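Spelled out from the first residue to the last, the chains are:
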Amino acid sequence: MKASSPITQVAPLATSRLTAAIAVTVLTGWVAQIDLLKNFAPGMIAMNPFTAGGLLAASIALFLRQPIDAPKERSIIGQLLASAIIAMGGLNLLFCSHNLVGPRWLMLPPLADGSPVEVNGARISLSFVLIGASILSLNWKSSRGFRPAEAASAITAIIAILSLVAYSHYLTSFYTTSTYTPASLLTSISFFLLATGILLARADRGTLAIIVSETAAGMLARRLIPLAILLPILIGALRQTAERAGLYDPIFGAAHSATTFMVVFFAAIWWTTRMLFRIDTNRMVAEGARQKQEEQVRQLNIEKIAAERASQAKDDFLAVLSHELRTPLTPALAAASYLAEHENLSPELHEEVVAIRTSVQLEARLIDDLLDLTRITRGKIELHLEVVDVHGLLRNSLEIARDNILQKQLDLVMDFGADRHHVWADAVRLQQVFWNLINNAVKFTKTNGRITVRTVNEDGRFVFQITDTGVGIEPEQLNRIFQAFEQGERSISRRFGGLGLGLTISKRLLELQGGTITVHSEGLNRGTSFKLSLASVESPKTASVSRLIADEGPAKSLQLLVVEDHPQTLRVLAALLRKQGHKVLTAECVQAAIKLLEAEQFDGLISDIGLPDGNGCEVMRAAKQRQSLVGIALSGFGMEEDVRRSIAAGFDHHLTKPIDFQELQKFVGAMAVRTNHSAP
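Conventions adopted
- Residues numbered from 1 in each chain as written.
- Predicted model: local features only at pLDDT ≥ 70, side-chain atom pairs only at ≥ 80, totals over all residues.
- Heavy atoms only, no water.
- Helix = DSSP H or I, 4+ residues; strand = E, 2+ residues; numbered from the N terminus.
- Buried < 20%, exposed > 50% of the residue type's maximum accessible area, 1.4 Å probe, protein only.
- Contact = heavy atoms within 4.5 Å.
- Areas by Shrake-Rupley, 256 points an atom, 1.4 Å probe, with all protein chains shown as cover.
- Arc of directions from axis to C-beta.
- Core = buried A, V, L, I, M, F, W, Y, C linked by side-chain atoms within 4.5 Å.
- Pairing = 2+ DSSP bridges.
- Axes fitted to C-alpha atoms, helices over the stretch in contact; angles between N-to-C directions.
- Polar contact = N/O pair within 3.5 Å; in protein donor to acceptor, adjacent residues only side chain to side chain.
- Salt bridge = Lys/Arg side-chain N within 4 Å of Asp/Glu carboxyl O.
- Phe/Tyr/Trp six-rings, centres within 6.5 Å; stacked < 30°, edge-to-face > 60°.
- Lys NZ or Arg CZ within 6 Å of the ring centre and 35° of its normal.
- Parallel < 35°, antiparallel > 145°, perpendicular 65-115°, else oblique.
- Left-handed = near helix turned anticlockwise from the far one by under 90°.

## Concerning the overall build of the protein chain
Check the secondary structure of the protein chain and you find 21 helices and 14 strands. Residues classed as buried in the protein chain amount to 44% of the 680 residues present. Within the protein chain, contacts between residues separated by at least 24 positions form 73% of all contacts whose residues are at least 6 apart in sequence. Element-wise, carbon and sulfur atoms account for 60% of the exposed surface of the protein chain, whose accessible area totals about 35,600 Å².

## So, helix α18 (residues 590-599)
Along α18, the positions that sit buried rather than exposed are V590, A593, I594 and L597. Summarising the axial view, the buried residues of α18 lie within an arc of 100°, below the 170-degree limit, and thus occupy one face. Across α18 from its buried face, at more than 90 degrees, point the exposed residues K595 and A599.

## Thoughts on the nonpolar core
The biggest cluster of nonpolar side chains holds 38 residues, and the ones touching the most others in it are L430, L437, F464 and I466. For this core, the secondary structure elements donating two or more residues are α12 (390-400), β3 (422-426), α14 (427-443), β4 (450-458), β5 (461-468), α16 (502-512), β6 (516-520) and β7 (528-537). Examining the composition of this core, we find that eight residues originate from one element, α14, more than from any other. Not counting the four nearest positions on each side in its chain, L430 is found in contact with V390, L393, V423, A425, L510, Q513 and L534.

## What to know about the sheet that holds strand β14 (residues 653-656)
A sheet is described by the order of its strands in space; here five strands give the open sequence β9-β8-β10-β13-β14, paired in parallel fashion. Looking at the sheet topology across the chains shown, the edges are occupied by β9 (583-587) and β14. Each strand of the sheet is rotated relative to its neighbour by a mean of 20°, with strand direction disregarded. With respect to the sheet, helix α17 (residues 567-579) is in contact with β8 (559-563), β9, β10 (604-608) and β13 (630-635), its orientation differing from that of β9 by roughly 165°. Lying on the sheet, α18 is in contact with β8 and β9; it crosses β9 at an angle near 140°.

## Observations regarding the side chain of H582
Among the secondary structure elements, H582 is positioned in the loop between α17 and β9. A distance of 3.1 Å separates a polar atom in the side chain of H582 from the backbone nitrogen of L558.

## Some thoughts on the side chain of H421
Mapped onto the elements, H421 comes out in the loop between β2 (411-416) and β3. Setting aside its immediate chain neighbours within four residues, H421 contacts V388, D389, V390, H391 and F462.

## Considering the pattern of salt bridges
Within the structure shown, the criterion is met by 11 salt bridges. Ionic pairing is found between K38 and D35, a salt bridge with its closest N-O pair at 3.2 Å. Placement of both K38 and D35 in helix α2 (residues 35-39) is noted, with a separation of three residues, approximately one turn of the helix. On the accessibility criterion, K38 (2% relative accessible area) is buried. Residue classification places D35 among the partly exposed residues on the basis of a relative accessible area of 21%. Two residues, R450 and D411, come together in a salt bridge whose shortest N-O distance is 3.4 Å. Within this pair, whereas R450 is found in strand β4, its partner D411 is found in strand β2, the two being separated by 39 residues in sequence.

## Quick look at the packing of aromatic side chains
Counting across every chain of the model gives four aromatic pairs. Aromatic side chains F128 and F191 sit 5.0 Å apart centroid to centroid with 75° between the ring planes, which places their arrangement in the edge-to-face category. Taken together, the residues span a long stretch of sequence, with F128 in helix α5 (residues 122-136) and F191 in helix α7 (residues 185-201) at a distance of 63 residues. Ring geometry for F434 and F464: centres 5.0 Å apart, planes at 70°, overall edge-to-face. With a gap of 30 residues between them, F434 in helix α14 and F464 in strand β5 connect regions that are remote in the sequence. Its guanidinium or amino end placed over the ring of W30, K38 lies 3.9 Å from that ring's centre, counting from NZ or CZ. Of note, R74 hangs over the ring of F63, and the distance from its end group to the ring centre comes to 5.0 Å.

## Remarks on unusual backbone geometry
Unusually for a residue other than glycine, N448 sits at a positive phi of about 70°. Locating N448 in the fold gives a position in the loop between α14 and β4. On the basis of relative accessible area, N448 is assigned to the exposed category, the value being 55%. Despite not being glycine, D459 has its phi angle at roughly 55°, a positive value. Within the secondary structure, D459 sits in the loop between β4 and β5. Under the relative-accessibility criterion, D459 is labelled exposed at 81%.

## Details of the packing of α12 against α14
One can describe the packing of α12 onto α14 by two numbers: an axis separation of 9 Å at closest approach and a directional angle of 50°. By the criterion of interaxial angle, the relationship of α12 to α14 is oblique. Judged by the sense of rotation from one axis to the other, the crossing of α12 with α14 is right-handed. Between α12, through V390, L393, L394, N396, S397, L398 and I400, and α14, the contact on the second element is made entirely by A427, L430, Q431, F434, W435 and I438.

## A word on the pairing of β4
When β2 meets β4, the two strands line up parallel, connected through six bridges. In the strand pairing of β4, D411 is matched with R450. Taken together, the eight bridges between β4 and β5 define a ladder with antiparallel strand orientation. Residue pairing across strands places T452 opposite T467, the latter belonging to β5.

## Some remarks on the environment of Q33
Position of Q33 relative to the elements: it lies in the loop between α1 (6-32) and α2. Of the residues examined, Q33 reaches a relative accessible area of 55% and is grouped as exposed. Distance from Q33 to L111, taken between C-alpha atoms, is 9.6 Å for residues 78 residues apart in sequence. Setting aside anything within four residues of it in sequence, one finds Q33 in contact with T28 and K38. A distance of 2.9 Å separates the side chain of Q33 from the backbone oxygen of W30, its partner in a polar contact. Side chain to side chain, Q33 and K38 meet in a polar contact 3.4 Å long.

Here it is as structure tokens:
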């Protein structure tokens, strides 16, 4: 329901109460025989007590009917009073129209001071009928929106205004006779008040909606209409008073009253126009401000879209760049990993091969850091939470760094004192954090330095602390050490290399798993200490099964299809797999791979995702339609979405380039267990 305007709520109550006050005062004068209360001024026409009673009933009826959602009992009482008012007015009209001698109360003797008492003639009786009908039909309107209450109350207001004009010009004596005395001034005012209250009671629903609206037209109407009605009455009363006092003659009075009306009405129009001008000016200023704000919002949206596109372009660029960087690293890492395990390799050559493998792995780690930062920033990181033995992860991480520790002749002190060393975390991501911290400690500690690794339990949490005697961190750099691309002094960055992403990624990964990390250093060349904290959990009663595939050699010789458009990678992978005893067929595009699938049966498909004439997902779907085999996807793209697409296409595993041949060998070994087919 539309909220009512304040004037539609206040006006009916105010006019009904004012009318009731006038009627009660007059009735009190008749009961107490106080003439002054009957007409409010000596010599004025007094209000008939029965007119006062009818007006009191009308004011009560309007009060009861005014709320549109008034209770049913209250509304019924108001309707009954309105019906009684109609009956009373109609009965008086009947007497007047047939020249019948009415009851004695229609004609009362003058007051003691000679003031006449009004007679309930045709105008008063008609006004009662109209007022009663208005109150009775207050909430009713026709299908076209016509409201009879408005029409009836408007006629009543006109009758009252005519009477008020007559009083202002002292014309009542011209139609006062021995058998008829017109309505008193108080009666005319009361009918005008009631009519106004009824008109405004539902003004927000009828034709008077414009008047009560918060618009320029509504403001203009509210200021000028009352002036147009009341100003002539007031000016006329002042003119007649001045003429009777002999201040000027009727001709001058007519000219004076006309001039006064024009000046006052013009002043009112000018005052209202200035106010409307200010409102309109403020509206235009507000509209201009709104348009400016909308333009700013539009510009911000454009900038936001541009920033999002730039961010997406950056992510796409990093993904493509990582793919292009990873692809040539794959054959180098695969060959180096295979040669490093070769027993017949001389010690000198073995050391060189290990150095090559370490360099390739470091390059791959830098690429992974860039992608991990992008994943974390965009909220695309996926965690696989489980109960993890942190001591086991630490031992694995230290084993990975063992060669570098021995090479720099570092003193490694380990104190695994935590009794509760299981946490709820992602094992792979948590080991990545440990590897970053241990690798940093090794990298930034001079030869013959010391690294201390310690675990304890504090307040139900597992705490890991690693302290080194390395280059340390300046105090002003401590607050920025976990920010992306921060490595402290440029000299340190140039000396030790790296992108400065490891600590940023480690902190974000720990926060995603409910952990914290802090750093402390006394300054340059005074070492650094990192402290990591995670909520500990009860150790599992049974040993958890690792998600990694057991490092076992293949039980059978397999027939494999390797699809790769990079010639060096294809040649190295095929050669390494053949040395493992497998039969390997190769293809460099989708069409060639599909032809081989139509002609041969395979135990497994190892396919690059990006191919010249399509992608490896098409090859995998075609393979699944023709035969049962295990699929391993190879790709330079390693985002979660890339992994989901390859798994959805039918691949069982997704390896990100550069591929460590040992890791590929684990999946191929598991493939031999899953298949029942063996190459001859």
